[in-house]
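As a plain string of letters, each chain reads:
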Number of protein chains: 2
Amino acid sequence: MDQLSAMRAFVRVVETGNFTRAADSLQMPKATVTNLIQNLEKHLQTKLLNRTTRRVIVTTDGALYYERAAQIVSEVDELDASLAQAQNNPGGRLRVEMSGAFADWFVIPALGGFYEKYPDIQIDIGIGDRTVDYLAENVDCALRGGAPADQSLIARRVAEVGLMTCAAASYLKRAGIPESPADVQANHHCVSYFVAAKGRTNPMTFRKDGEEILVDGRYHCSVNDARSYVAAVLAGHGIAQVPDFMVREELERGDLVPVLAEWSADTIPLYIVYPPNRHLSNKVRVFVDWLVRLLADIPAPGQS
Amino acid sequence: MDQLSAMRAFVRVVETGNFTRAADSLQMPKATVTNLIQNLEKHLQTKLLNRTTRRVIVTTDGALYYERAAQIVSEVDELDASLAQAQNNPGGRLRVEMSGAFADWFVIPALGGFYEKYPDIQIDIGIGDRTVDYLAENVDCALRGGAPADQSLIARRVAEVGLMTCAAASYLKRAGIPESPADVQANHHCVSYFVAAKGRTNPMTFRKDGEEILVDGRYHCSVNDARSYVAAVLAGHGIAQVPDFMVREELERGDLVPVLAEWSADTIPLYIVYPPNRHLSNKVRVFVDWLVRLLADIPAPGQS
DNA sequence: TTTCACTATTCGAATTTTCGAATAATAAGC
DNA sequence: GCTTATTATTCGAAAATTCGAATAGTGAAA
């Protein structure tokens, strides 16, 4: 038996004093109300309503039951509504994963605009490039460079990050300016970026006129955080391909100097990734929408 | 959808962390649990549980829902139990109708024994011979003389009350002692008992050797309460047939004197009457049982 | 990498519930 | 006292749900 429906029906019958009106207001056939209440009485082993075909009168047991049943029914409705409400006026905690660079450069500076629009959402930003257990940590979505290996995740491409080959002025003064990708491989040091998930370093890419050269040079230092990566380059540990948006100021000041500018580096596609929930919560949807618009403003590679 | 079952299932899944264990403990197939929770999520438009085939993890929305749902489910269970409890340990108010004579002579004096056994039952005794609206007044049962006219009521015969023809000594001294029923009809006054429901007085009956004579004599005073009826007889208003148990003392003292003792009066069958409830509440059952045992001790007519 | 053990989901048959119309019953009005 | 308007209940067809078995998917171990 659907006890909650039965309780609803009973409460309504008591309030309207009438099976027919109760059935109408619940938008169900009278027969169903009759059935529900008969089953409820069978379940409780008590007569709740004394009824002739003309009148319905609440028994003492029924009156007792009504008080609490009405309260419970309204509690359930309230609970249902509170979740529906949460859908329309999203709130609560939102767990997001991204790299520190994106957080520091784009998300955190712009977050004020998001708070204004959705004051009830708290955002927990997890920094790192580790593949997290989305389920176990209740991660709602992640901002990731490169297509995700996990095919079961939904990935939405949102931007393209340009890489720029450069090195610290101090390094070039000491080690000389490389003439070609092969020169880099043979006679220079790099700052290497490794991806913990893959367990290997990312080679540098040099592309020109359809020719592609991968360089996996010697390095003193390898990191898996773009900010530290830039720091390592600035410290003169070698040549590297860094996201162009991160080094604009350093290039202008001359602390960093472009290298092999006639060769273009790869670009990194940026994805928003989230688990394939049947019902994507509205909280996540509005954040993803906001993030998409935010990142649309990243200048296309090569236009910086 | 059976939302309450769905909430029960969800709560159990959260507590066991596992669909299979939840299904086992609820004694339903796993398929049903799956279905219920999918429907619940559809209804709430929110994903409550993140699940792979190996793990089930509660979402933030799910955790929120769990707290309140668990509370509501336990409230419902408690409410159900409280009504079942009331069945086993009957309590509350019990509305009973009976005549004042039965109340004063039998029920009220013996009620102490009932209270001891069922301290939680409060008995509201309605005095009167009016046919009450059982439904409207929530009357649980009634003790009535004579078979009830209303065929829809359940009547249980519990005792037989003997009537005794007598008159006050003072009356007989004044009016003389009647020789036969016809003498009563012709030359005496009666104290008459009228039944409000029937709208007419009850004739006296005289029976001997298969002969039956009805006497509907002249009267100065007619009442519809046995105690007042006896009082009228004692006051010398005439001859009457009164319940024998009510006049034992008066006969012994000689205030009342038997009349036409060779003619026997009718006896009045005593019924417990209650509405035909599909589920007779335990409260009523225990009272009726008690009443039956109590009235079984009324001496059979003619043995007093 | 492959296998294996375990778990949620899907699927079709069977049961239960729901629905609209017909029926039975009651209390008021004439 | 009879008729009528109104109401709860019953009934059979249709829809939904439940159930047990089979399936598909997952994560750990070999």
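Residues numbered from 1 in each chain as written. Chains lettered and ligands numbered in written order. Predicted model: local features only at pLDDT ≥ 70, side-chain atom pairs only at ≥ 80, totals over all residues. Heavy atoms only, no water.

An unreviewed UniProt entry lists chain A under the name Probable transcriptional regulator protein, LysR family protein, with Roseibium aggregatum given as the organism. According to the UniProt record, the Sequence similarities (unreviewed entry) comment for chain A is "Belongs to the LysR transcriptional regulatory family." (UniProt positions renumbered as here; feature names shortened; annotations may be inferred.)

Mapping chain A onto chain B calls for a rotation angle of 180° and an axial translation of 0.0 Å; the resulting RMSD is 0.2 Å. Here the two chains are linked by the operation of a two-fold rotation axis. Across chain A, the smallest distance between a C-alpha and the rotation axis is recorded for Asp2 of chain A, namely 2.5 Å. (Least-squares fit on C-alpha atoms with pLDDT ≥ 70 in both.)

We now examine the protein's contact with DNA strand C. Near DNA strand C there are 20 residues, and of these Thr53 of chain A together with Phe19, Thr20, Arg51 and Thr53 of chain B occur at the shortest range. Side-chain polar atom of Thr34 of chain B to a phosphate oxygen of DNA strand C: 3.4 Å apart, as the coordinates give it. At a separation of 2.5 Å, a phosphate oxygen of DNA strand C approaches a polar side-chain atom of Arg51 of chain B. Of all the secondary-structure elements, those providing two or more residues to the surface near DNA strand C are α3 (30-44) of chain A together with α2 (19-26) and α3 (30-44) of chain B. With 4 residues, the single largest contributor to the surface near DNA strand C is α3 of chain B. (Near = heavy atom within 4 Å. Polar contact = N/O pair within 3.5 Å; in protein donor to acceptor, adjacent residues only side chain to side chain. Helix = DSSP H or I, 4+ residues; strand = E, 2+ residues; numbered from the N terminus.)

Lining the immediate environment of DNA strand D, one finds 22 residues, of which Phe19, Thr20 and Arg51 of chain A together with Thr32 and Thr53 of chain B sit closest. Within 4 Å of the protein, the contacting atoms of DNA strand D are 79% sugar and phosphate, with bases supplying the remainder. A distance of 2.7 Å separates a phosphate oxygen of DNA strand D from a polar backbone atom of Phe19 of chain A. Here a phosphate oxygen of DNA strand D sits 2.8 Å away from a polar atom, N or O, in the side chain of Thr32 of chain B. Looking at the surface near DNA strand D, the elements that each hand over two or more residues are α2 (19-26) and α3 of chain A together with α3 of chain B. With 4 residues, α3 of chain A is the largest single contributor of residues to the surface near DNA strand D. In the surface near DNA strand D, the residues fall into 7 nonpolar, 10 polar and 5 charged. (Nonpolar A, V, L, I, M, F, W, Y, C, P; charged D, E, K, R; others polar.)

Moving on, we get to α3 of chain B. With 15 residues, α3 of chain B should reach 21 Å at 1.5 Å per residue; the first-to-last C-alpha distance of 21 Å fits that figure. Three or more residues of α3 of chain B are buried, namely Val33, Leu36, Ile37, Leu40, Glu41 and Leu44 of chain B. With its buried residues spanning 130° around the axis, α3 of chain B presents them on a single face. Residues of α3 of chain B that are exposed and point more than 90 degrees away from the buried face comprise Ala31 and Lys42 of chain B. In this structure, the buried side of α3 of chain B is in contact with α4 (60-88) of chain A together with α1 (3-16), α2, β1 (49-51) and α4 (60-88) of chain B. (Expected span 1.5 Å × (residues − 1). Buried < 20%, exposed > 50% of the residue type's maximum accessible area, 1.4 Å probe, protein only. Arc of directions from axis to C-beta. Contact = heavy atoms within 4.5 Å.)

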